[in-house]
Amino acid sequence: MFVKKYILASATPFATPYYIFTGQFPGPVFMVVSGIHGNETGSIRAAQELVNMLMRRELSIQKGTLIIVPLVNIKAYRKRSRGVPDLNRTFPRKSNTTARHPLAAALFQLVQRYRPAWYLDLHEANGLSQRNAKRLGQTLIIQPGSRGVSIVRHIIKNINSSIANPAYRFNLRLRELPGSSRTATARIIGAKAVTVETCWSLEHALRVNYQKDIVCRFLKIAGLMS
Ligand SMILES: [Zn+2]
């Protein structure tokens, strides 16, 4: 595995690192982003831990290309705030439109350069979807009609069988959210784009583990990791 570190939005106040891990064998491009919202610390920590494990070779990919942007919105993270404006409403809504924020524009340029087959956007939300269907905590969200829906169902079934507390199990949500990075990547690149939402009232270490576990399950199914 080959590793290289780069800086996204390098000439702006939003400059933030990203990492490209290249496997020994050809395979799909898989992108993971976290910290589009600066207050979702479990998902940010999970992405940073995955980068650290890959750098130390405790984890490795065999095939394809893995791109990780572990902390998109550093300025919001410093204040532990969601971010103003909400970055996840500023991504392009159509292929002929542009992002409404320089950081979203830089991230989406990266998406357009590598055209990932898979795109995971790590987040956290209020509430438990098992207790309240309107809540997004403990859900995986994908575009209605996406080619990835059956794979997401399969992953949810498998992860849920490992979660003892029924209230903490994950649900699938089929949602289109114009301006979000998930919807932009699905609509414009045709990626199988998934938002991962853990519930931020759960213990921090547990949320971090759910996030890392879910990313690794996707990497295995996509063929990057054995
Ligand atoms: Zn979020």
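Residues numbered from 1 in each chain as written. Predicted model: local features only at pLDDT ≥ 70, side-chain atom pairs only at ≥ 80, totals over all residues. Heavy atoms only, no water.

With an unreviewed UniProt entry as reference, the chain is termed Deacylase, source organism Paenibacillus monticola. Its UniProt record, at the heading Cofactor (unreviewed entry), says of the chain: "Zn(2+)". (UniProt positions renumbered as here; feature names shortened; annotations may be inferred.)

(A) Here's a closer look at the overall build of the chain. On a plain count of helices and strands, the chain comes out with six helices and eight strands. Seen in sequence order, the chain has helices and strands lined up from the N terminus as β-β-β-α-β-α-α-β-β-α-β-α-β-α. In terms of overall size, the chain behaves like a compact globule, its C-alpha atoms giving a radius of gyration of 16 Å where 226 residues would be expected to give roughly 17 Å. With the principal axes as the frame, the chain shows a C-alpha extent of 45 × 40 × 35 Å. (Helix = DSSP H or I, 4+ residues; strand = E, 2+ residues; numbered from the N terminus. Rg over C-alpha atoms; globule rule 2.2 N^0.38 Å.)

(B) Just the sheet that holds strand β6 (residues 139–142), in detail. The strand order across the open sheet built from eight strands is β1-β2-β4-β3-β5-β8-β6-β7, with neighbouring strands paired in mixed fashion. Whereas interior strands pair on both sides, the edge strands pair on one side only; in this sheet they are β1 (2–8) and β7 (171–174). In this sheet, adjacent strand axes meet at a mean angle of 20° when their direction is disregarded. Strand direction decides the pairing type here: β1 and strand β2 (residues 16–22), joined by seven bridges, are antiparallel. Paired with valine 3 across the bridge in β2 is phenylalanine 21. Sheet strands touched by helix α1 (residues 41–55): β1, β2, β3 (25–34), β4 (63–69) and β5 (118–125). Its angle to β5, the strand with the most contacts, is close to 135°. (Pairing = 2+ DSSP bridges. Axes fitted to C-alpha atoms, helices over the stretch in contact; angles between N-to-C directions. Contact = heavy atoms within 4.5 Å.)

(C) Structural detail: the pairing of β4. Burial of β4 is extensive: six of the seven residues sit out of reach of the surface. Taken together, the four bridges between β2 and β4 define a ladder with antiparallel strand orientation. Along β4, the bridge assignment pairs tyrosine 19 with isoleucine 68. For the crossover that starts at β3, traverses α1 and ends in the parallel β4, the hand is right-handed. (Buried < 20%, exposed > 50% of the residue type's maximum accessible area, 1.4 Å probe, protein only. Right-handed = clockwise from strand over helix to strand, strands pointing away.)

(D) Layout of unusual backbone geometry. Cis geometry is found at the peptide bond from valine 84 to proline 85, where omega equals -5°. With respect to the element layout, proline 85 can be found in the loop between α2 (74–78) and α3 (102–114).

(E) View of the packing of aromatic side chains. Under the defined criterion, the tally for this structure stands at five aromatic pairs. On the numbers, 6.2 Å between centres and 20° between planes, the contact of phenylalanine 30 with tryptophan 118 is stacked. Residue phenylalanine 30 is found in strand β3, and its partner tryptophan 118 is found in strand β5; the two are separated by 88 residues along the sequence. Grouping aromatic residues by their ring pairs yields a cluster made of Phe30, Trp118 and Phe218. In this structure, lysine 75 is placed above the aromatic ring of phenylalanine 14, and the distance from its NZ or CZ to the ring centre is 4.9 Å. (Phe/Tyr/Trp six-rings, centres within 6.5 Å; stacked < 30°, edge-to-face > 60°. Lys NZ or Arg CZ within 6 Å of the ring centre and 35° of its normal.)

(F) Fine view of the coordination of the zinc ion. Around the zinc ion, the protein contributes the donor atoms His37 (ND1), Glu40 (OE), Glu40 (OE) and His123 (ND1), which lie 2.0 to 2.3 Å from the metal centre. With four donor atoms in place around the zinc ion and angles of 59 to 145° between them, the coordination shape is irregular. Note on histidine 37: relative accessible area 3%, which makes it buried. Given the relative accessible area of 2%, histidine 123 is considered buried. (Donors = N, O, S within 2.8 Å, 3.2 Å for Na, K, Ca; no water. Tetrahedral: all angles 85-135°; square planar, octahedral: opposite > 155°, others 65-115°.)

(G) Representation of the pairing of β7 in the model. As paired elements, β6 and β7 share four bridges and run parallel to each other. From the neighbouring strand, threonine 139 faces β7, where its bridge partner is asparagine 171.

(H) A look at α3. The terminal C-alpha atoms of α3 lie 19 Å apart, and with 13 residues this matches the ideal 18 Å at 1.5 Å per residue to within 8%. Residues of α3 that are buried include every one of Leu103, Ala104, Ala106, Leu107, Phe108, Leu110 and Val111, and no others. Looking at the buried residues of α3, the elements they touch are β1, β2, β3, β4, β5 and α5 (181–189). Residue arginine 115 follows α3 closely and has a positive phi angle near 45°. (Expected span 1.5 Å × (residues − 1).)

(I) Seen up close, the pattern of salt bridges. A full pass over the atoms with the stated rule returns nine salt bridges. A salt bridge links arginine 56 to glutamate 58; the shortest N-O distance between them is 2.6 Å. Each of Glu40, Arg82, Asp86 and Arg89 takes part in a single network of salt bridges with overlapping partners. (Salt bridge = Lys/Arg side-chain N within 4 Å of Asp/Glu carboxyl O.)

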